[in-house]
Amino acid sequence: MDVASTLQAPVLGLYAGQDQGIPLPTVTELQDALRAASAPGAARSAIHVYPDVPHAFYADYRPSYRPEAAADAWQRQLDWLAQHGVA
């Protein structure tokens, strides 16, 4: 949040809504900071929250793994990279 106003490159955030390490109010605060910032990277940034998944939902070796959310997150990452000329 401290650097949202100076971002030159966009960021993609994929967050677990039930993550206790990064609470949802913190993610919401980040979204608000990005919306309020005038930096070019902030305006092109995107945050997505998977509301019903726990921390490490993408880790297929852990009990917290959520295959549907992980598949969606993977596709969002691929789309994001393609949209920004990386893939």
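In what follows, the accompanying structure is described. Note that the structure is a prediction, hence the values are computed from the model and not measured.

1. Topic: the pattern of salt bridges
Applying the stated criterion across every chain yields a total of two salt bridges. A salt bridge links Asp72 to Arg76, with the shortest nitrogen-to-oxygen separation between them at 2.6 Å. Here Asp72 pairs with Arg76, and both are found in helix H3 (residues 67-83), just four residues apart, close to one helical turn. Overall, Asp72 belongs to the partly exposed group, its relative accessible area being 31%. In this structure Arg76 comes out as partly exposed when scored by relative accessible area, which is 32%.

2. Re helix H1 (residues 24-36)
The first and last C-alpha atoms of H1 sit 18 Å apart over 13 residues, in line with the 18 Å expected at 1.5 Å per residue. Among all positions of H1, only Val27, Leu30, Gln31, Ala33 and Leu34 are buried. End-on, the buried residues of H1 take up no more than an arc of 160°, which puts them together on one face. Turned more than 90 degrees away from the buried face of H1 sit Pro25, Arg35 and Ala36, all of them exposed. Contacts made by the buried residues of H1 are with strand E1 (12-16), helix H2 (40-43) and strand E2 (46-50).

3. Some points on the packing of aromatic side chains
Throughout the structure, instances matching the rule amount to one aromatic pair. Judged by centre distance (5.1 Å) and plane angle (45°), the rings of Tyr50 and Phe57 are tilted. Here Tyr50 falls in the buried class, since its relative accessible area comes to 6%.

The rules behind each value
Counting restarts for each chain, with residues numbered from 1 along the sequence as it is written. Whole-chain, interface and lining totals are the exception, using all residues; otherwise, since this is a predicted model, local features are given only for residues with pLDDT of at least 70 and side-chain atom pairs are given and counted only at 80 or more. Computation of side-chain values covers all heavy atoms of the structure but excludes hydrogens and water. Think of a salt bridge as a Lys or Arg side-chain nitrogen and an Asp or Glu carboxyl oxygen that are within 4 Å of each other. The helix and strand labels rest on DSSP assignments: H or I over at least four residues marks a helix, E over at least two residues marks a strand, and numbering proceeds from the N terminus. Partly exposed residues are those whose accessible area sits between 20% and 50% of the maximum for their type, while under 20% is buried and over 50% is exposed, using a 1.4 Å probe and protein chains only. In this scheme, a helix's expected span is set at 1.5 Å multiplied by one less than its residue total. To be clear, the arc concerns the directions from the helix axis to the C-beta atoms. Two residues form a contact once any of their heavy atoms are found within 4.5 Å. Here a Phe, Tyr or Trp ring, Trp counted by its six-membered ring, pairs with any other such ring whose centre lies within 6.5 Å, and the pair is stacked when the planes are under 30 degrees apart, edge-to-face when over 60, and tilted otherwise.

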